[in-house]
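Topology and contacts: notes
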Amino acid sequence: MVETVDPETGMVTSSEMRPIDIKNRFRDEASRKAFSSIQKRLRAVTKDSPNVSPEYVDFIAELQYRHVAKRARILNQSVDQVVSRIKFGKLKDATAGGSFIPASETQGPYKVLFTERATDKTLIHEISHSWLLEMSDDYFFMSQIDPETMNADQKEYWQAMQDAAELLGMQNIGELNNKEAGQQTRIQEAFAQTAEKYI
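To start, this report covers the structure provided alongside it. (Residues numbered from 1 in each chain as written. Predicted model: local features only at pLDDT ≥ 70, side-chain atom pairs only at ≥ 80, totals over all residues. Heavy atoms only, no water.)

Moving on to the packing of aromatic side chains. Tallying each qualifying case throughout the model produces three aromatic pairs. When the centroid spacing of 5.5 Å and the interplanar angle of 45° are considered together, the rings of Y56 and F59 count as tilted. Taken together, the residues span about one helical turn, with Y56 and F59 both in helix α3 (residues 54-75) at a distance of three residues. Residue classification places Y56 among the buried residues on the basis of a relative accessible area of 13%. Here F59 falls in the partly exposed class, since its relative accessible area comes to 31%. Measuring from ring centre to ring centre gives 5.7 Å for F100 and Y110, while their planes differ by 45°; the resulting arrangement is tilted. With F100 in strand β4 (residues 98-101) and Y110 in strand β5 (residues 110-114), this residue pair connects regions lying 10 residues apart in the sequence. Comparing F100 with Y110, the two get one shared label, buried. (Phe/Tyr/Trp six-rings, centres within 6.5 Å; stacked < 30°, edge-to-face > 60°. Helix = DSSP H or I, 4+ residues; strand = E, 2+ residues; numbered from the N terminus. Buried < 20%, exposed > 50% of the residue type's maximum accessible area, 1.4 Å probe, protein only.)

The following block contains the structure:
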């Protein structure tokens, strides 16, 4: 159920989230394949979480797909390359709803893990950790591009990096990887809680 507030009247209306029509939403086969991969993996790792709605999983899958597709265009990589850098999994016997493990600790792709305690909010919280780390990882690549030659997606991403750095009290988002572990955790949590609030 999605609630919307009319800014003029203040009235709240509710509407059901609808299933995603893959064939009409994603017109080419590569896009359908990438979205379906994300959707299936997210559904599989949250199927035992009673507080995660399938409709919200689909919403997050589409959001993650659009993020991945845009990042691929920005970095001049294939969508498959970008999708392969994040893995979803289950976490057993944990008190939290989920966990994020950066690539530096896995010696491979990022891992976003969910438990039976996960809620709709857990999905966006844990996945947003990967977004911040990706921004930090991509900072050097982006800083090498002349702003005059950036395409529209690159300009938007560059601005998002500046905004995130300012929000999180850093001179640039690339500094995140150089912070000590405790500072990184505090910064990551601040970003994830902001993402939770606004998405």
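Moving on, we come to a nonpolar patch on the surface. A cluster of nonpolar side chains, F59, Y198 and I199, forms an exposed patch at the surface whose accessible area comes to about 330 Å². Mapped onto the fold, Y198 is located in helix α8 (residues 181-198). Since its relative accessible area comes to 65%, Y198 is described here as exposed. (Patch = residues over 30% accessible without salt bridge, like charges linked within 9 Å, V, L, I, M, F, W, Y side chains within 5 Å. Areas by Shrake-Rupley, 256 points an atom, 1.4 Å probe, with all protein chains shown as cover. Salt bridge = Lys/Arg side-chain N within 4 Å of Asp/Glu carboxyl O.)

Another point: the nonpolar core. Inside soluble globular proteins, nonpolar side chains tend to come together where they are buried. Counting residues in each nonpolar core, the largest one holds 48 residues, and the members touching the most others are L42, F88 and I173. Elements with a minimum of two residues in this core: α2 (29-46), α3, α4 (79-83), β3 (86-90), β5, α6 (120-143), α7 (152-167) and α8. The element that contributes the greatest number of residues to this core is α3, accounting for 10 residues. (Core = buried A, V, L, I, M, F, W, Y, C linked by side-chain atoms within 4.5 Å.)

Right, let's talk about the environment of S78 for a bit. Tracing the chain through its elements places S78 in the loop between α3 and α4. Of the residues examined, S78 reaches a relative accessible area of 33% and is grouped as partly exposed. Along the primary structure S78 and A30 are separated by 48 residues, whereas in three dimensions their C-alpha atoms are 9.9 Å apart.

Here α8 spans 26 Å end to end across 18 residues, near enough to the 26 Å set by a 1.5 Å rise per residue. Buried within α8 we find I187, Q188, F191, A192 and A195. Projected onto a plane normal to the axis of α8, the buried residues spread over an arc of 130° and lie on a single side. Those residues of α8 that are exposed and angled more than 90 degrees off the buried face are R186 and K197. Where α8 is buried, its residues meet α6. (Expected span 1.5 Å × (residues − 1). Arc of directions from axis to C-beta. Contact = heavy atoms within 4.5 Å.)

Attention now moves to the pairing of β5. Where burial is concerned, most of β5 is hidden: four out of the five residues are buried. Alignment of β3 against β5, held across five bridges, turns out to be parallel. In the sheet register, K87 faces β5, and the bridge partner there is K111. The sheet contact formed by β4 and β5 spans four bridges and is antiparallel. When the sheet's bridge partners are listed, S99 is paired in β5 with L113. (Pairing = 2+ DSSP bridges.)

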